[in-house]
Amino acid sequence: MNTLEVKNLKKTFKLSKKQQKIERTDTKLKVAVNDLSFTAYPGEIFGLLGPNGAGKTTCLRAISTLIKPDSGDIFVGETSVVTDPESVRGKIGFLTSELKLEDHFTPNYLYIYFSRLHGIEDEVIEERKDAFFERFGIAEFREVKVGDLSTGMKQKVSIAISLVHNPDYIIFDEPTNGLDVLTARSVMDYLIELKEAGKTVILSTHILSVVDKLCDRVGIIINGKMKLCDTLENVLKTDPNNNLEEIFFELVKEDELLGGAY
Amino acid sequence: MRNIFTIFRKEFFRVMSDRRLVFTAIILPGLAIYIMYTFIGTAIGGEVEDIVEHKMIIYTENMPTDFQNFVYAQNINPEFHDYDPNNHEEIEEQILIGEVDMIIIFSETFEDDIDNLVISEIFIYFNPGEKYSNYAYGQMTNVISTYGTIIGLDRHGDSYYAFMVDSGIIMDEEKAAGQGFAMLLPMLIIMFLFSGAMSIGPDSIAGENERGTIATLLITPVKRSEIAIGKVLSLTAVSMMSATSSFIGIMFSLPNLMGGAGAELDVFIYGVGDITILFSVLLATVLVIVGLVSVLSAYAKTIKEAGMLIMPFYFVSIGLGISSMFSGEASSELWVYFMPIYSSVNLIIAVLTFDISLTAYLITIGTSLIYVTIFVFILTRLFQSEKIMFQK
Ligand SMILES: Nc1ncnc2c1ncn2[C@@H]1O[C@H](COP(=O)(O)OP(=O)(O)O)[C@@H](O)[C@H]1O
Ligand SMILES: [Mg+2]
């Protein structure tokens, strides 16, 4: 089964002096993700919902093996990010705003380049590329340098490139951030397509409506801790009005009363 | 392997398809040399000091004690040896290789000639191609002419033309030209190899980190070591092109470069073998420089920081290149060939002066490969380090 299981993930960062100032703290260590566990299933979209600085990106980076867990592990199917990060990278498609494409190259060039690095046959590359470029309206911009593309088009190219190897697991960090309504809509539609194709999809967001519209399962993460994790249906049941916003604010308030997670 | 090639090709294409980079990395170095030679011409003056400190070795025949004392009185302290005509060929050979600076032959009847107002002939053999010999010649002819004036006044109360100096030139033209190259080229070569690597390395590694594009590469299943090797090789290729451009620049500007310096520098004194060896040394050197520049660039978080980190290494390396201007010959100490860059400088000199030793060559190539392997290893570790790659 193509499940993705995060098990007791913990990640601590050492803060530099500058960061201590920004975070207004004297502590040298920042627990970004604290004993986080959840499971995402194939054919579903799992939404990691949390305010800025909650630890969402850190969690997704750990899944994508860009950073190593301090403790805990993540199993992508059977594969552990700790023991076999290279195989994990071959199985997942990861998208985050911090992964940039080089301005100097064209979508066409980059698509082929990253496909080759994933070890894909040339014929398959061409087939997938044509289909994808058609689907996202990239075709007419295929020879335009990335630096000259609009933000929305760049994001579409990034999505195309994150999926060159047709991965079973798709991890998107704030995929609609900074996009115009139309592009955001087409990205969301595509995520639903992926889910319907049986992919295991995880996305992070701080936007409640994205969760409402897309997710089958939701994990609410605040200050690095998982506060609530269930199917969207069950989560909504916890509020008399089935209002996700109310539930979310209650959890944030509760966390503030506790004086943060640690 | 396939991944290395894919990365290599993309990195190489990155540079080649960018007019600005092609200009700064490949064309500019060759052009810059035209501006450089004026500066170099001045720098050669600095060589004098070393020559003055060198102890002259002079073979003499029939040298009057009075003259010898006069030389010492001028604060010149050559090592005088007695000349034996039977050993002439041996001594000449030593002058040729620079171990003896000159032969001065006074006439048997020198003292009588002066007393009888006969113009006596002094014959000097020297090698204008050896800097010490050339300098000694200038010094001694000066001393001789002063001595002539003084002795004339002393003995005849008048200055008269006491003796005539004639000279025989013992010189290996090719070696002389080779020395000219050896003085100039190592510094220039190191400079241009560095500038090639510096014009693209920081952008290709620190720049990619700064712009967040390297992370896109890091989430592919490609091994970090493959990324490191691919990058180093493409940077090497571009740096070699840059070095070649510099080389062409040097060749074209040579006549101007040497200008009044006397020695005729003709590149064609070198055979295919010499050029091949030189090329392999350059390649090994570029690998080391690129490895170093890459590691520093990966460690730095921004292009600017990378540039600042590289600068000290750049200056030290140029310093090592400049050191060749003073020595003019390759070091015979073996340890020198274990030192990165410094080994290259000495080996370049060795090739240019037809003085190459196989051991030194093999050590230089071998250690350079070891150094670049170490750099690639460190680079791989840096790419693996989330601190380096993902520090906010
Ligand atoms: N490399 C890092 N070094 C230091 N602190 C970090 C680093 N990455 C994240 N953090 C800190 O960890 C916390 C969680 O960050 P992040 O995962 O980016 O949150 P989110 O994506 O939910 O907004 C924040 O306080 C952030 O400042
Ligand atoms: Mg984030």
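Description of the structure in this document.

Conventions and cut-offs
Residues numbered from 1 in each chain as written. Chains lettered and ligands numbered in written order. Predicted model: local features only at pLDDT ≥ 70, side-chain atom pairs only at ≥ 80, totals over all residues. Heavy atoms only, no water. Pairing = 2+ DSSP bridges. Helix = DSSP H or I, 4+ residues; strand = E, 2+ residues; numbered from the N terminus. Contact = heavy atoms within 4.5 Å. Buried area = accessible area lost by both parts, 1.4 Å probe. Polar contact = N/O pair within 3.5 Å; in protein donor to acceptor, adjacent residues only side chain to side chain. Near = heavy atom within 4 Å. Areas by Shrake-Rupley, 256 points an atom, 1.4 Å probe, with all protein chains shown as cover. Expected span 1.5 Å × (residues − 1). Bend = angle between axes of the 7 residues up to and from the residue. Buried < 20%, exposed > 50% of the residue type's maximum accessible area, 1.4 Å probe, protein only. Axes fitted to C-alpha atoms, helices over the stretch in contact; angles between N-to-C directions. Parallel < 35°, antiparallel > 145°, perpendicular 65-115°, else oblique. Left-handed = near helix turned anticlockwise from the far one by under 90°. Nonpolar A, V, L, I, M, F, W, Y, C, P; charged D, E, K, R; others polar.

## Description of the sheet that holds strand β1 (residues 4-14) of chain A
Residues and elements named next belong to chain A.
- The 4 strands are arranged β2-β1-β4-β5 in an open sheet whose pairing can be described as antiparallel. Because the sheet does not close on itself, it has two edges, and the strands there are β2 (29-40) and β5 (79-80).
- Where strand β4 (residues 71-76) meets β5, 2 bridges bridge the pair, whose relative direction is antiparallel. The residue bridging Val 76 from the neighbouring strand is Thr 79, located in β5.

## What about the interface of chain B and chain A?
- Taken together, the contact pairs 29 residues of chain B with 26 residues of chain A.
- For the pair chain B and chain A, the summed buried surface comes to about 2800 Å²; carbon and sulfur atoms form 57% of the total.
- When the area that chain B buries against chain A is broken down by residue, the three leading residues are B:Lys10, B:Ile219 and B:Glu386, summing to 23%.
- On the surface where chain B and chain A come into contact, there are 9 residue pairs in polar contact (both at pLDDT 80 or more).

## Brief notes about the site of ligand 1
- In the vicinity of ligand 1 there are 17 residues, among which A:Glu23, A:Gly53, A:Lys56, A:Thr57 and A:Thr58 approach most closely.
- Neighbouring residues of ligand 1 are not confined to a single chain but are spread across chains A and B.
- Between ligand 1 and A:Gly53 there is a distance of 2.6 Å, counted from an oxygen atom to a backbone nitrogen or oxygen.
- The backbone of A:Ala54 places a nitrogen or oxygen atom 3.1 Å from an oxygen atom of ligand 1.
- A total of 560 Å² of accessible area belongs to ligand 1 in isolation, and the protein chains cover 90% of it.

## Regarding helix α12 (residues 303-327) of chain B
Residues and elements named next belong to chain B.
- Spanning 25 residues, α12 covers 36 Å between terminal C-alpha atoms, matching the ideal 36 Å at 1.5 Å per step.
- The sharpest bend along α12 reaches about 30° and sits at Met 311, with the proline Pro 312 one to four residues further on.
- Listed as buried for α12 are Ala 306, Ile 310, Tyr 314, Ser 317, Ile 318, Gly 321, Ser 324 and Met 325.
- Looking one or two places after α12, you find Gly 328, whose phi comes out positive at around 70°.

## A short note on the packing of helix α4 (residues 107-117) of chain A against helix α1 (residues 2-16) of chain B
- With their axes 9 Å apart at the nearest point, α4(A) and α1(B) run at an angle of 160° to one another. In this view, α4(A) runs roughly antiparallel relative to α1(B), as classed from their interaxial angle. Judged by the sense of rotation from one axis to the other, the crossing of α4(A) with α1(B) is left-handed. In this structure, α4(A) uses A:Tyr109, A:Tyr113, A:Arg116 and A:Leu117 to contact α1(B), whose residues at the interface are B:Arg2, B:Asn3, B:Thr6, B:Ile7, B:Arg9, B:Lys10 and B:Phe13.
- Its residues assigned to classes, the contact of α4(A) with α1(B) comprises 5 nonpolar, 2 polar and 4 charged.

Shape descriptors only; they carry no functional weight alone.
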